[in-house]
Amino acid sequence: MRRELRVVDDLAAANADLFLEVAPKTIALGGGTTPRPCYERLASVEYDWTEVDVFFGDERCVPPAHPDSNFRMAHEALLSRVPARVHRMQGESCDAPAYERELRDVLGPNPALDLAILGLGEDGHTASLFPGDPGLDETDRLVVRVERPDHPRLTLTLPVLSGAPVAVFLVEGARKREALRLLLVGGDIPAARVAAERVVILADPAAAP
């Protein structure tokens, strides 16, 4: 595994360039506020989306039209504008085994994504893998349910995220600076446990340590 830090003024443009470099056929999308402009930019790139299967790194257990739904954000920014095959996490049922079956049905018994697009929380979490959560130590299941104060969530586990040849972290703002520092040095945070073959960190100048 190698970690590459790229400090960029335009996260959306840098992410689009990396996307075209990797040319993925299978991707996992992250949620939160930082990815939205990145997804909007991806919707405008020239790419054969008909060959792409889109999965999600995590989802809140809410209906797809809910304001907190990661699917809703990604649909508005990207998925309604490209002809990809979309495999959303069913937030309304919050059924982790069902999404694991879908991963295996589409990608085979040992699912591997080409690209995982991830965020980084101030506490070092990524997807919905939070410090101290039992899901961090899951090695057999591909998808687990996580209890959180706002909504329960579904999340891909570390074996799936680490199995991608490329994982990209999108990091924005000075509040993420310490978490980014720990990610770069392999500190004790969930994000640092993503052991993809290649980990690319796109950070704006405010976040860069």
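Residues numbered from 1 in each chain as written. Predicted model: local features only at pLDDT ≥ 70, side-chain atom pairs only at ≥ 80, totals over all residues. Heavy atoms only, no water.

**Q** Help me understand the nonpolar core, please; the structure alone is not making it clear to me.
**A** For soluble globular proteins, nonpolar side chains are generally found buried alongside one another. In this structure, L29, W49, L156 and F169 are the most contacted members of the largest nonpolar core, which totals 72 residues. Filtering out sequence-adjacent residues up to four positions away, L156 remains in contact with A28, F56, G57, M89, Y99, L103, L113, L129, L142, V143 and L161. (Core = buried A, V, L, I, M, F, W, Y, C linked by side-chain atoms within 4.5 Å. Buried < 20%, exposed > 50% of the residue type's maximum accessible area, 1.4 Å probe, protein only. Contact = heavy atoms within 4.5 Å.)

**Q** I tried to follow the layout of surface pockets on my own but got confused; where do I start?
**A** Any empty space left between atoms is shown by rolling a water-sized probe over those atoms. Of the voids in this model, the largest pocket is the one considered here, and its volume is about 460 Å³. Of all the secondary-structure elements, those providing two or more residues to the lining of the largest pocket are strand 4 (58–60) and strand 6 (115–119). In terms of residue count, strand 6 provides more of the lining of the largest pocket than any other element does, 3 residues in total. Across the lining of the largest pocket, the residue classes break down as 7 nonpolar, 11 polar and 7 charged. (1 Å grid on protein atoms, 1.4 Å probe; cavity = no way out; pocket = protein on both sides within 12 Å on 5 of 7 lines; lining within 4 Å. Points joined across faces, edges and corners; volume = space filled by probe spheres on them. Helix = DSSP H or I, 4+ residues; strand = E, 2+ residues; numbered from the N terminus. Nonpolar A, V, L, I, M, F, W, Y, C, P; charged D, E, K, R; others polar.)

**Q** When you look at helix 3 (residues 70–79) in this model, what are you seeing that I'm missing?
**A** Three- or four-residue spacings in an α-helix give side chains the same orientation, since the helix completes a turn every 3.6 residues. By the criterion of burial, helix 3 is predominantly enclosed, with 7 of the 10 residues buried. For helix 3, the full list of buried residues reads N70, F71, M73, A74, A77, L78 and L79. Along helix 3, the residues classed as buried sweep out an arc of 155 degrees about the axis, all on the same side. Where the residues of helix 3 are buried, they touch strand 2 (26–29), helix 2 (35–42), strand 3 (53–56), strand 4 and strand 5 (85–86). Capping the start of helix 3 is the job of one residue whose side-chain oxygen sits 3.2 Å from the backbone nitrogen of F71: S69. (Arc of directions from axis to C-beta. Polar contact = N/O pair within 3.5 Å; in protein donor to acceptor, adjacent residues only side chain to side chain.)

**Q** Sorry, what's going on with the pattern of salt bridges here?
**A** Two side chains that carry opposite charge are able to pair once their charged atoms sit near each other. Under the criterion given, the structure shown has 18 salt bridges. Where R175 meets E122, a salt bridge forms, and the shortest distance between an N and an O atom there is 3.5 Å. Placement of R175 in the loop between strand 9 (166–171) and helix 6 (177–185) and of E122 in the loop between strand 6 and strand 7 (143–146) is noted, with a sequence separation of 53 residues between them. Judged by its relative accessible area of 47%, E122 falls in the partly exposed class. (Salt bridge = Lys/Arg side-chain N within 4 Å of Asp/Glu carboxyl O.)

**Q** Please explain the state of the cysteines as it appears in this structure.
**A** Such a bond, covalent and formed between the sulfur atoms of two cysteines, is termed a disulfide. Taken as a whole, this structure holds 1 disulfide when the rule is applied. Between the sulfur atoms of C61 and its disulfide partner C94 the distance amounts to 1.8 Å. Note that C61 is positioned in the loop between strand 4 and helix 3 and C94 in the loop between strand 5 and helix 4 (96–107), a separation of 33 residues in sequence. For the residue pair C61 and C94, the accessibility class agrees, reading buried in each case. (Disulfide = S-S within 2.5 Å.)

**Q** How should I be thinking about the packing of aromatic side chains in this particular structure?
**A** Here a ring pair, both rings aromatic, is described through the centre-centre distance and the interplanar angle of the planes. Applying the stated rule across the entire model yields 5 aromatic pairs. Here the aromatic rings of F55 and Y99 are separated by 6.3 Å at their centres, their planes lie at 75 degrees, and the arrangement is edge-to-face. In this pair, F55 sits in strand 3 while Y99 sits in helix 4, placing the two residues 44 residues apart along the sequence. We note that F55, like Y99, is buried. Here the aromatic cluster, defined as three or more aromatic residues joined through ring pairs, consists of F19, Y47 and W49. Positioned above the aromatic ring of F71 is the side chain of R88, whose terminal nitrogen or guanidinium carbon lies 5.6 Å from the ring centre. Seen from the ring of F130, R148 lies directly overhead, with NZ or CZ sitting 3.6 Å from the centre. (Phe/Tyr/Trp six-rings, centres within 6.5 Å; stacked < 30°, edge-to-face > 60°. Lys NZ or Arg CZ within 6 Å of the ring centre and 35° of its normal.)

**Q** Would you mind showing me how to read the packing of helix 1 (residues 11–22) against helix 2 here?
**A** How two helices sit against one another is set out by the angle between their axes and by the gap between those axes. One way to put it is that helix 1 packs onto helix 2 with a least axis distance of 8 Å and a crossing angle of 55 degrees. Judged by the angle between their axes, helix 1 and helix 2 are oblique. Crossing angle aside, the handedness with which helix 1 passes helix 2 is right-handed. Together, L11, A12, A13, N15, A16 and F19 of helix 1 and P37, C38, R41 and L42 of helix 2 make up the contact between the two elements. Its residues assigned to classes, the contact of helix 1 with helix 2 comprises 8 nonpolar, 1 polar and 1 charged. (Axes fitted to C-alpha atoms, helices over the stretch in contact; angles between N-to-C directions. Parallel < 35°, antiparallel > 145°, perpendicular 65-115°, else oblique. Left-handed = near helix turned anticlockwise from the far one by under 90°.)

**Q** Is there a simple way to explain the sheet that holds strand 7 in this structure?
**A** Strand order across the open sheet formed by 3 strands is 4-8-7, with antiparallel pairing between neighbours. Both edges of this open sheet fall to strand 4 and strand 7, since each of them pairs with a single strand only. Averaged over neighbouring strand pairs, the angle between their axes works out to 15 degrees when direction is ignored. Where strand 7 meets strand 8 (residues 153–156), 4 bridges bridge the pair, whose relative direction is antiparallel. The residue bridging V143 from the neighbouring strand is L156, located in strand 8. Its contacts with the sheet place helix 4 against strand 7 and strand 8, and it is angled at close to 155 degrees to strand 7. (Pairing = 2+ DSSP bridges.)

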